[in-house]
Amino acid sequence: MNKKILFIPMIAVLLLAGAAVLELYDFSGITGSAISSPLPEVIVSTDRIVVGTYSIRPSFSVELDYDLNVYDRIEAALSRIYNKCSSESSKESCVNNEVLLYNVEQAAGNSQERLLIGCYEGDQGSFMDFLDYVSNCSSSQTTNCECGHQHISGTTFTLAQSGNDIQITAEVNKQKYSGIVHNARLVAPLSFSSTLNYRMAKGQDGALLAVRKGDIGKTCDEKLYQRKTYTFCYNTGKKLITADAKNKIVEQAHKIRFALEFP
């Protein structure tokens, strides 16, 4: 029993001594025949092994000559017009006077900012002109009359009732536009084109319809218009680099558009 116990440690000592001899022995002098074929190449498929991913998030800052306080000045101008003209019998005259007075004050203070009524241009301006035309006709206090306002020609406008409002849509030079005239009624849905010498008119009940010029023989009294919605733009006096409808980079005057509606 004691011999077996001593024999196992002896074998372990011999193995450790052999490993030490192999570690220290110099094999550089051993020669032999060259290997006839190279070792096989290990190919790693990159579509199966993801080594790592990364993302680029470039960032930069640009100092813009843009004053966000301009919106506070717009709010103050609108509040001033609203408070002044809400109780006036002729709101349109009041609005025009207040806009004129505001711009005189801006010029006196050497400011380039100006408040303008409308200021829509091009095809968009043509659509807004017609929108104002329908709005003015609807707001007239007279009935059974033709609205003789100037309006755009060569374009067909579609008018449809939407609750208590009139929805107007049109396509001008392949550009689509839409707008709403609040608190207005139509006798029936219609397509309006002034190329046929049509004009808007108010029926006996105040609903709008399209008639040929002279069908009714009475023109709505423009002095009795009670227009409630006014479109404005605020010209900041600065110019911005923008893209136009054709994605062409152009320099345009910076105009902020908005609207004011009286009760």
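Residues numbered from 1 in each chain as written. Predicted model: local features only at pLDDT ≥ 70, side-chain atom pairs only at ≥ 80, totals over all residues. Heavy atoms only, no water.

## Some details on the overall build of the chain
Counting its secondary structure elements, the chain contains 4 helices and 10 strands. Walking the chain from its N terminus toward its C terminus, one meets helices and strands in the order α-α-α-β-α-β-β-β-β-β-β-β-β-β. Burial analysis of the chain (263 residues in total) assigns 30% to the buried set. For the chain, restricting intrachain contacts to residue pairs at least 6 apart in sequence, the fraction spanning at least 24 positions comes to 60%. If you sum the accessible surface of the chain, you get close to 18600 Å²; carbon and sulfur atoms cover 54% of it. (Helix = DSSP H or I, 4+ residues; strand = E, 2+ residues; numbered from the N terminus. Buried < 20%, exposed > 50% of the residue type's maximum accessible area, 1.4 Å probe, protein only. Contact = heavy atoms within 4.5 Å. Areas by Shrake-Rupley, 256 points an atom, 1.4 Å probe, with all protein chains shown as cover.)

## With respect to the side chain of Gln 106
Counting through the fold element by element, Gln 106 comes out in helix α3 (residues 91-108). Once residues within four sequence positions are removed from consideration, Gln 106 is found in contact with Ser 111, Glu 113, Arg 114 and Tyr 234.

## Comments concerning the state of the cysteines
On inspection of all chains with the given rule, the structure shows 3 disulfides. Each disulfide pairs two cysteine sulfurs, and for Cys 137 the partner residue is Cys 147, the sulfurs being separated by 1.8 Å. The sign of the 70° torsion about the S-S bond sets the Cys 137-Cys 147 disulfide as right-handed. Taken together, the residues Cys 137 in helix α4 (residues 122-139) and Cys 147 in the loop between β2 (145-146) and β3 (156-162) connect sequence positions 10 residues apart. (Disulfide = S-S within 2.5 Å.)

## Structural notes on the pattern of salt bridges
Scanning the entire structure with this criterion turns up 5 salt bridges. In this structure, Glu 98 and Arg 80 form a salt bridge, with 3.4 Å as the shortest nitrogen-oxygen distance. In this pair, Glu 98 is assigned in helix α3 and Arg 80 in helix α2 (residues 70-85), connecting sequence segments 18 residues apart. By relative accessible area, Glu 98 is classed as buried at 10%. (Salt bridge = Lys/Arg side-chain N within 4 Å of Asp/Glu carboxyl O.)

## Things to note about unusual backbone geometry
With a phi angle near 50°, Asn 144 is a residue other than glycine that sits in the positive phi range. Within the secondary structure layout, Asn 144 lies in the loop between α4 and β2. Positive phi, close to 50°, is recorded for Asn 183, a residue that is not glycine.

## Describing the sheet that holds strand β6 (residues 190-193)
One open sheet accounts for 4 strands, arranged β5-β4-β3-β6; its pairing is antiparallel. Two strands bound the open sheet, and with one partner strand each, they are β5 (175-181) and β6. Neighbour to neighbour, the strand axes of the sheet diverge by 25° on average, direction disregarded. With 6 bridges connecting them, β3 and strand β4 (residues 165-172) associate as antiparallel partners. Residue Ser 162 lies in a different strand from β4, and its bridge partner there is Asp 165. Against the sheet, α4 contacts β3, β4, β5 and β6, and its axis sits at roughly 25° relative to β5. (Pairing = 2+ DSSP bridges. Axes fitted to C-alpha atoms, helices over the stretch in contact; angles between N-to-C directions.)

## What about the confidence of the model for the chain?
Taken as a whole, the chain shows an average pLDDT of 78; of its residues, 75% reach a score of 70 or greater. Looking at the elements of the chain, mean pLDDT is at its lowest for helix α1 (residues 2-24), recorded as 51, and at its highest for α2, recorded as 92. Here residues 1-7 is modelled with pLDDT under 50, and outside its nearest four sequence neighbours on either side it reaches 0 contacts, counting other chains as well. (pLDDT = per-residue confidence, 0-100.)

## A word on the nonpolar core
By size, the foremost hydrophobic cluster in this structure holds 25 residues, and its most contacted members are Phe 130, Val 134, Leu 159, Ile 166, Ile 168 and Met 200. Of all the secondary-structure elements, those providing two or more residues to this core are α4, β3, β4, β5 and β6. Considering every element that reaches this core, the biggest residue donor is α4, with 7 residues. Ignoring sequence-local partners within four residues, the contact set of Leu 159 consists of Phe 130, Val 134, Ile 166, Gln 167, Ile 168, Leu 186, Pro 189, Leu 190, Phe 192 and Met 200. (Core = buried A, V, L, I, M, F, W, Y, C linked by side-chain atoms within 4.5 Å.)

## Brief notes about α4
Helix length check: α4, at 18 residues, gives a terminal C-alpha distance of 26 Å against a target of 26 Å (1.5 Å per residue), a fit within 8%. Across the 18 residues that make up α4, a large majority, 14, are buried. (Expected span 1.5 Å × (residues − 1).)

## Re α3
Given 3.6 residues to a turn, an α-helix orients residues that are three or four positions apart in the same direction. For α3, with 18 residues, the first-to-last C-alpha span of 26 Å sits near the 26 Å given by 1.5 Å per residue. Those residues of α3 not exposed but buried are Lys 91, Cys 94, Val 95, Glu 98, Val 99, Tyr 102, Asn 103 and Gln 106. Projected down its long axis, α3 carries its buried residues within an arc of 160°, all on one side. In α3, those exposed residues whose orientation departs by more than 90 degrees from the buried face are Leu 100 and Ala 108. The inward-facing, buried residues of α3 abut α2, β1 (114-117) and β9 (229-243). Count one or two residues on from α3 and you reach Asn 110, which has phi positive near 60°. (Arc of directions from axis to C-beta.)

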